[in-house]
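# Commentary on secondary and tertiary structure
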Amino acid sequence: MSARTATRLVLPVAVLALSVPLAVRSARAATLCVNPGGTGGCFASIQAAVDAAASGDVVDVAAGTYVESVDMPPRKRLTLRGAGPGATVIDGNGAAEVLRFEGPNASPVSIENLEVRNGVTGIYAQAVVNLRLSDCSVADNERGILLNNRVKVVMTRCAVAGNFARGAISLGVTSKLTVVESAITGNTYDPFFGSGTGGISAGGLLTVIDSTISGNAASGSGGAIHNSFGNLAISGSTISGNSSAGNGGGIHLGVIRGTVKISNSTISGNTAAVDGGGIYVDAHRRLNLDHVTIAGNTATAGRGGGLFARTVHSLKPTTSKASLIADNVAPSEPDCSADRVLARDGNLIEDPTGCTLLTPGGAPLISADPLLGPLQDNGGPTETQALAPGSPAIGVVTSRGGCRAPDQRGVPRAVPCDLGAYEAP
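In this report, we go over the structure that sits alongside the text. These numbers were taken from a predicted model, which means no experiment stands behind them. (Residues numbered from 1 in each chain as written. Predicted model: local features only at pLDDT ≥ 70, side-chain atom pairs only at ≥ 80, totals over all residues. Heavy atoms only, no water.)

## Re a nonpolar patch on the surface
Just so we agree on the cut-off: Patch membership needs two things, relative accessible area over 30% and no salt bridge, and members are linked within 9 Å if like-charged or within 5 Å if nonpolar (Val, Leu, Ile, Met, Phe, Trp, Tyr). Surface exposure here means Shrake-Rupley accessible area, sampled with a 1.4 Å probe, where a residue is shielded only by the protein chains that are shown. Between Lys or Arg on one side and Asp or Glu on the other, a salt bridge is scored when a side-chain nitrogen of the former is within 4 Å of a carboxyl oxygen of the latter. Put simply, DSSP marks the helices as runs of H or I at least four residues long and the strands as runs of E at least two long, and each gets a number from the N terminus on.
Together, V173, F229, V255 and I256 make up an exposed nonpolar region whose accessible area comes to about 340 Å². Its place among the elements puts V255 in the loop between β25 (251-253) and β26 (258-268).

## Quick notes on the side chain of D57
For the record, the criterion: In protein, a polar contact requires one atom able to donate a hydrogen and another able to accept it; more generally it is a pair of N or O atoms within 3.5 Å, and residues adjacent in sequence count only if both atoms are side-chain atoms.
By secondary structure assignment, the location of D57 is in the loop between α2 (46-52) and β2 (58-61). Reaching out from D57, the side chain makes a polar contact with the backbone nitrogen of A30 at a distance of 2.9 Å.

## So, the pairing of strand β18 (residues 205-209)
Threshold: Paired strands, in this sense, are two strands between which DSSP finds at least two bridges.
Here 5 bridges tie strand β15 (residues 176-180) to β18, and the two strands are oriented parallel to one another. Opposite T178, over in β18, you have T207 as the bridge partner.

## Overview of unusual backbone geometry
Note the cut-off: Exposure classes here rest on a 1.4 Å probe applied to the protein chains alone. A residue is buried below 20% of its type maximum, exposed above 50%, and partly exposed in between.
With an omega of 0°, the peptide bond between G103 and P104 qualifies as cis. Mapped onto the fold, P104 is located in the loop between β7 (97-101) and β8 (105-112). Here the bond from V415 into P416 is cis, since omega is -5°, no more than 30 degrees from zero. Among the secondary structure elements, P416 is positioned in the segment after β39 (384-387). In this structure, V128 is a non-glycine residue whose phi angle is positive, near 50°. Among the structural elements, V128 can be located in strand β10 (residues 121-134). By relative accessible area, which is 24% here, V128 ends up partly exposed.

## Digging into the layout of surface pockets
How we decide: A cavity here means a set of points on a 1 Å grid, drawn over the protein atoms and nothing else, where a 1.4 Å probe fits but cannot get out; a pocket is an open set with protein on both sides within 12 Å along at least five of seven lines, and a residue lines either one if it has an atom within 4 Å of a point. Grid points are joined across faces, edges and corners, and a volume is the space filled by probe spheres set on the points. Gly counts as polar in this scheme, as do all residues outside two lists: the nonpolar Ala, Val, Leu, Ile, Met, Phe, Trp, Tyr, Cys and Pro, and the charged Asp, Glu, Lys and Arg.
In this structure, the largest pocket spans a volume of roughly 190 Å³. Broken down by class, the residue content of the lining of the largest pocket amounts to 3 nonpolar, 8 polar and 6 charged. Of the volumes computed, that of the second largest pocket is approximately 150 Å³. Lining the second largest pocket are 13 residues, and of these Y189, S195, G196, T197 and S201 lie nearest its centre. For the lining of the second largest pocket, a count of residues per class yields 2 nonpolar, 9 polar and 2 charged.

## Brief notes about the sheet that holds strand β24 (residues 243-244)
Taken together, 4 strands build an open sheet; the order of strands is β20-β24-β27-β30 and the sheet is parallel. Looking at the sheet topology across the chains shown, the edges are occupied by β20 (217-218) and β30 (298-299). Sheet analysis places β20 next to β24, joined by 2 bridges and oriented parallel. If you follow A218 over to β24, its bridge partner there is S244.

## Observations concerning the state of the cysteines
Applied cut-off: For this text, the term disulfide refers to a pair of cysteine sulfurs within 2.5 Å.
Evaluation of the coordinates by the stated rule reveals 4 disulfides. Each sulfur in the disulfide pair C33 and C42 lies 2.0 Å from the other. Between C33 and C42, the S-S dihedral sits near -100°, and the bridge is therefore left-handed. When its relative accessible area of 12% is taken as the criterion, C42 is described as buried. The residue that forms a disulfide with C136 is C158, at a sulfur-sulfur distance of 2.2 Å. Every disulfide takes its handedness from the sign of the S-S torsion; for C136 and C158 that torsion is 120°, giving right-handed.

## Overview of the pattern of salt bridges
The final tally for this structure, using the stated rule, is 9 salt bridges. Note that K321 is salt-bridged to D345, the shortest N-O span being 4.0 Å. Of the two residues, K321 is situated in strand β32 (residues 318-321) and D345 in the loop between β34 (336-344) and β35 (347-349); the sequence distance between them amounts to 24 residues. Its relative accessible area of 24% is what places D345 among the partly exposed residues. One network of salt bridges, in which partners are shared, links E97, R100 and E102.

Here is the structure:
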């Protein structure tokens, strides 16, 4: 009987001693072990275990640093599981890719509880790859993650940090990335490699949920996110302290058509060298803001410290619903520079100079200091800016639909509710 048949019998100890290291195999899957010395019947390298594994198997990697590059084979549904980031480390020793997925591999491959570091690219997926990353770290590579063609990735509770030459993540136009409860921090795109973003360069479909993108630096436009094509959705997240040498210190939305929705999120303390310290929207994009706080951003030499948006009139204008734009800085039009903003359910724009605002149904439009607190931990998965007692942003929204969703921290709203990402007690 073949060792790969449905029964997958346990080999006798004597046979195991003469064979490659194997762990006990069940009728459905097996767990193969790896440790630094290859002791106790385990493999000494991750690559050897991956090569020996069958589809559906788990490769369990003990704590330790493994200096190698790992090629994940096509058409194998595997789980690669470590003992935790910082405990199990795959060190590429400056090699091109530390973890490489050539594809095709339409079945989900899972990478869990480990750290990928010190490569030209930390994780590379070429084509037709379905990848799940959880409780991981991708750090100190020239580029963190590169996702090329028809790649689908869900990344949960991961840190992509300190990637120092070509940014954190690059997403191809036919690919999809969902970022959940993760942190993308302190990544840089070096001018030596041209113009690029320090955070996420997204050509495909990008969704960011309950995550933080902060402290990233771009040699071009879009310090945190440069979205050139496709749809973008951000919810429950904070974009803070990012910088760009061009437009869009936080988010740059390029010229190719696509819809962008940002809800219950905070965009704070970002800096652009030119226009749009918080968000820059090019002419063909559709931006929808819903309970968003845009505060404390800077456009150093241009306009729209908070928001810069230009719209082709045949398309829908930027929509701002129950949002707050304040305390931003620019030589002119500091909070908002936009030719058409459809303001629904009430909004606060501290200095609306430079914005052409449309208020259907007489929705309230407030121009005042919102009395915002600093960006800090106010509860919930991401940092927010609280509304101080007496803030004019409190209790403005009176529609049931406008108060339906919880705030950025997950705190329920009741009618009337507040403007921006934070619901005051």
